[in-house]
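The lines below spell out each chain.
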Amino acid sequence: MTQQNHEQRIRVSMLQRFGFNFYDVFIFVLVTLFALLCVYPMWYVLVASVTPYSEFVKGGLMLVPKGGVDFQYYVAIFSTRSFLNSMWISVAKTVLSTVSSVFVTAAMAYGVSKTHVKGMKLINALVVFNLFFSGGLIPQYMLYKDLGLIRTFWVMVLPGVLNITYFIIMRNYYSYSIPKSLEEAALLDGCTEMGTFFRVVTPISRSMLAAISLFIAVINWNDYYSYMMFIGNKTNLQPFAWVLRRMLVDQTMMNQVRKGAMSLGSQPPPPMALRMATIICAMVPIMCVYPFLQKYFTAGITLGAVKE
Amino acid sequence: MMVQQARSLSQDDLRKRGPGFLAYIRKYWFLYMLVLPGFIFMAVFDYGPMYGIQLAFKKYSPKAGVWNSQWIGLGNFERMVGDPNFIRAFRNTIIINLYNLLFGFTFNVFLALMLSELRLKKYKSVMQTCVYLPYFLSWVIFSGLVQVFLESPGTGDSGGLVNQLIVAAGGEPVDFLKRPEMFRSILVITNIIKTSGYSTIVYLAAISGIDPALYESAAIDGANRGNAIVHITFPRILPSVVIMLILQLSGLFLSNFDQVYNLYNNYVLSTGDVLSTYIYRISLGGGGTDFELSTAMNLIMNVMGLIVVGITNRYVSKLDVQGIF
Amino acid sequence: MKKTLLLLVALVMALSLALPGLTEGNADRQKVTIRFAQFGNSTDDVEGMANDPIKKAIEEAVNIQLEYDTGTDGFIDRMETELFTGGAAELFCSFGETDKIQKYVQEELVYDLAAIVNAEPDRYPILHKIMNSDEYKAYNKLYTGDPEKAYAFYSVFSFASPVYGGVPAYNKAILDEVNGGKVPATLDEFTAFMKACAEKGYVGYWPRNSKLTDWNYFNYTFAVPMGTSIMAPNGDAWTGFVQTGELGTDSEHWVLRTTGEESKEVIKLLADLYASGALDRNLGIKGDFDDAYADFAAGKIAAADFGFGFPSQYADFYNRPWKEAHPDAKTDDLVLGTALTKDGKYGTVYSLLNWISYHYFVPTSCSYPDRVLDLIEYLASAAGQDLIHNTNNYQYREDQGSEFWNSVNSAYGYNDGRCKYVWFCPMFAGGEYEVDFTNRDWWDASTHPIDNSRYWQDAEYSGLLEYAMGVTGQFVGDLVVDLPQYYTLISLPAEATDIRSKLADITNQYLTQMIGGQLDIEEGWVKYQAEYEAAGAAKLEQMVNDAIAAARASVK
């Protein structure tokens, strides 16, 4: 509390000393422009997706919806059966992958962060080595084939359970961001390693775990690669990200949605408008978790990345 | 203290072996248990596929399987070197990564400094919210956006917004996505928009760790804010900058499959085809089933990447930052 | 006790030998799952698929569980990847290139179907008849060198009516506005029309192009009248070649014209059209069926290719993009064009009347090939053909109309009123017609498929068909040269496949850039020719001529 006051005082004094000048305006404008560049496209697409097509083709900046708000494209998309099915697949895949991935990766990262224990350094090197050296696409395919994973749901979950990037971040977090004194005190108090992990370490790393869970969840939600490479085509296993990609590039999918819209009694919607509505549909879940993600940014992630 | 005890214990154990070893395991059984599941996943899914690397030196026969296919030495690598498409993809990969380093990386640092210089705290956090956001959208969505904006006008429609603006300003519309000379710029710029905000997090954290008193005393000494950035802020984020630089350098031979695959088309293969997309096309992606060549390419990329990482990691360990190993 | 048991077993065995028909029905056989992979359907509708009565009927008749698999881009390669890694569908389609099949055989990846069929002729009466016909054996010999071994089930493609793929459908309103309603008949008229369209704010012509990877329609429309071919030598053995001798004689000789001077003129013309906006500026980005068709229907494109040239595709084109967008449309809103002439002459297109299209394989990773053959046998029989083609003993049944079939087929992406099943049809005839293997021999039945489509079409649709056939019929005879049947027996060496795919890559790359104006044509053409030579174009030309000569000799 007092430190904050102190900081505020200094900031105020800096403001007085340096003054609010051209320099500030310059930075203000630059940052604002870049931020607009990041956000405006999504706004544009959102507005365009609810604008009647006759208005949309006239072009323009799409700052506000003109000619009324029209949800017909969303109706068309959600009346396509594979959309809902793929949502379920994606939810199942995301939940399973995230839970298992965070458990396995965090546990391993904690163990490996105890470098004084024999073998941990070697294991660490083995894990990190994989960041730079992999068998490659075809060897992966053949292994999954031998394991009987090809064309199954599990090929979208199991290979990614140990997430090497977040392993490194978590390991650094456990090594540097948990006060050593805390753990040592717990051990001296007669707490076992297990007790220390569950009663001391895990509670204080909660925000890091929450942040990383969300990051991993987003990765899994956006993943279509595992389906494209190792399943190829199996209707009831399509994840949403794949359906989305097909909506954007594959005309058979687009035609199916357009036909569906016709059977609802409306004109077949123009592909570009449908694409925009699809983009918005795909962004919604991310937008829902985004505020939580952001809250943990500085708290969780960065502490692990750089030594203090 | 406890740690030191443990360390000396372990040395004793090493000397004694036998029952001591078991005691050691018993002492740390919980940590080993924690590591075990991850270890199994690593062994199966990360090291498991590595037996397949032998394909790079073999002629694959489905009947014989990977193990019993015939060795052909460096034949696949000879084919690889003789393949102009491989050379092209290789060159493109490196050029695109260098561009990303030159423009993307510097912009990240620049953006972090800009953000940290914003005075109004509330406004700063709004700006951060905005610039982090694109990172969480998939490349599929992002490439959809790119197409919506850069589409060239057809007859009877006004094209993407960018071309509408160009035309409104009296210029000639541009076929952005079909011009090979523009494609790399599009990759670099979209990459900046998508990832820059997120990349600043590390730097902003370092900046927030700087003692405000330093600025104050500098101000008393008569430094202006430009001086303060150069002499106070920048030196203090330098370790973070270096480690990020090294991380990025280590990916010199890797390419962003997701980005390129979603953005490229036949027009821009000459400048836009990268190794990962090429490997995909010749093995699983509709351009043939050349398993051996694709594995050989992957192997070469990995080896070269490892060499770069090995060299750079030596510099990291000299710095006061946590290396990746 | 033991003796009684033995006796019983012997009795059962004796019975089963004596009365094969009684004991060996599909119902008594092991129930298995068969994944069937066919090109180009949609499998997105889980619920529709689960309720498909035809699928259920097939499953019941053969006592199997069917799983449908499909794809478009990269489908054939996925099939091969799965085959090479031991996880192929139990029955899948692919294209049959000789060297490819020989590799499959050498690696023991696919079953010799004839061996299984011939071991139990009573179980597979129709397949037994098919696989022992002379024509079938001739193809066996072509593909693997051994007439007795059938490693695939072949699907024959036959045309039921004259076809030419290079004719666009015009939007009559634009044709009236720009050209006074006159259909361009010469290449010069057509290009002038395209440019006039561009000036009025329309795109002149949309050739089907699969994002600039399919040059067939550019070729048909522009290169054929100019007496050349801009196609890369990929696809048919003679694609990209021009005949200089006399077909069917020793003087026949094919010359590769893809990088010739005439082709350069074609590309110059196309680049000029592209630069002036007469060709769509978004070529290569827009898809054919969704984007371009929608633009055509919206009145932005004056003329567009409607398909491979089938009359039914013209009717579909009218119904799908056009009538969808214009509910009160009339059939004369569209005008079907004609093949273009240059200096008063049509060009020449070489074509076969019938050829082998898809091959259907059973992989050795499948442990019950006999059950898969049960499925093929059933579908090839009168009962199976009746089921999937809506007939009773090959007579069209009126009681099950478009409504029924639309509800079945819409699960797979088709609801165009066709009264036949969209799966398995291409397996027996490339044109998806019904085939009567019961009363005819294999080749006879395959080349005389039964076209039921006239029964299910309404007057408007039939009118469109007749119109399309009429227009096409006027010029197709002057334009299309039927190749002698031995052209189906051409077998190119393995090396040719490599060269051909390299050349196709080069062509895609150069034509795209030259037409788009990113590469100067004069300058680029020299490089284009040099890359062709370096990739083995001359060698390929020799191989093609040798292979054709060998095929010609084999029938003599």
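Scoring rules and cut-offs
- Residues numbered from 1 in each chain as written.
- Chains lettered and ligands numbered in written order.
- Predicted model: local features only at pLDDT ≥ 70, side-chain atom pairs only at ≥ 80, totals over all residues.
- Pairing = 2+ DSSP bridges.
- Helix = DSSP H or I, 4+ residues; strand = E, 2+ residues; numbered from the N terminus.
- Axes fitted to C-alpha atoms, helices over the stretch in contact; angles between N-to-C directions.
- Contact = placed C-beta atoms within 7 Å.
- Nonpolar A, V, L, I, M, F, W, Y, C, P; charged D, E, K, R; others polar.
- Parallel < 35°, antiparallel > 145°, perpendicular 65-115°, else oblique.
- Core = buried A, V, L, I, M, F, W, Y, C linked by C-beta atoms within 7 Å.
- Buried ≥ 20, exposed ≤ 12 C-beta atoms within 10 Å, placed from the backbone.
- Domains from an automatic or database assignment.

Looking now at the sheet that holds strand β5 (residues 168-171) of chain C. All names here are of chain C. Strands sit in the order β6-β9-β5-β10 across an open sheet of four strands; the sheet is mixed. The outermost strands of the open sheet, each flanked by one partner alone, are β6 (203-206) and β10 (334-336). Direction aside, neighbouring strands of the sheet carry axes that sit 20 degrees apart on average. Sheet analysis places β6 next to strand β9 (residues 301-305), joined by three bridges and oriented parallel. Looking at the pairing, Val-203 lines up with Ile-301 of β9. Against the sheet, helix α11 (residues 187-199) makes contact with β6 and β9, and its axis sits at roughly 130 degrees relative to β6, the strand it touches most.

Glancing now at the interface of chain C and chain B. Where the parts come together, the accessible area they lose is often given as the size of the interface. In this complex, chain C contributes 30 residues to the contact, which on the side of chain B involves 25 residues. When contributions to the side of chain C that touches chain B are tallied by element, the ones reaching two or more residues are α5 (75-84) and α23 (494-516) of chain C. When its residues are assigned to classes, the side of chain C that touches chain B shows seven nonpolar, 13 polar and ten charged.

A word on the packing of helix α12 (residues 216-223) of chain C against helix α13 (residues 261-275) of chain C. How two helices pack is summed up by the angle between their axes together with the distance between the axes. Residue and element names in this part refer to chain C. At a minimum axis distance of 11 Å, the contact between α12 and α13 shows a crossing angle of 100 degrees. Judged on the interaxial angle alone, α13 and α12 are roughly perpendicular. Where α12 approaches α13, its residues Phe-218, Phe-222 and Ala-223 are matched on the opposing element by Ser-263, Val-266, Leu-269 and Leu-270.

Before going further, it helps to spend a moment on the nonpolar core. Ranked by size, the top nonpolar core spans 225 residues in total, and within it Met108(A), Met170(A), Met276(A), Leu91(C) and Leu113(C) carry the most contacts. When residues of this core are assigned to their parent elements, the largest contribution, eleven residues, is made by helix α15 (residues 271-305) of chain A. Those residues within four positions of Leu113(C) in sequence are excluded, and the remaining contacts are Met131(C), Ala150(C), Tyr151(C), Phe153(C), Val362(C) and Leu373(C). Core analysis: the next-biggest nonpolar cluster, separate from the first, contains 91 residues, Phe190(C), Leu212(C), Trp215(C) and Ala468(C) among them.

Take the domain arrangement of chain A next. Residue and element names in this part refer to chain A. With domains assigned, chain A is organised as domain 1 (2-70) and domain 2 (76-305). The partner domain 2 presents seven residues to the seven residues of domain 1 that form the contact. For the side of domain 1 that touches domain 2, the secondary structure elements donating two or more residues are α2 (22-50) and α3 (53-56). A per-element tally of the side of domain 1 that touches domain 2 places α2 first, with five residues.

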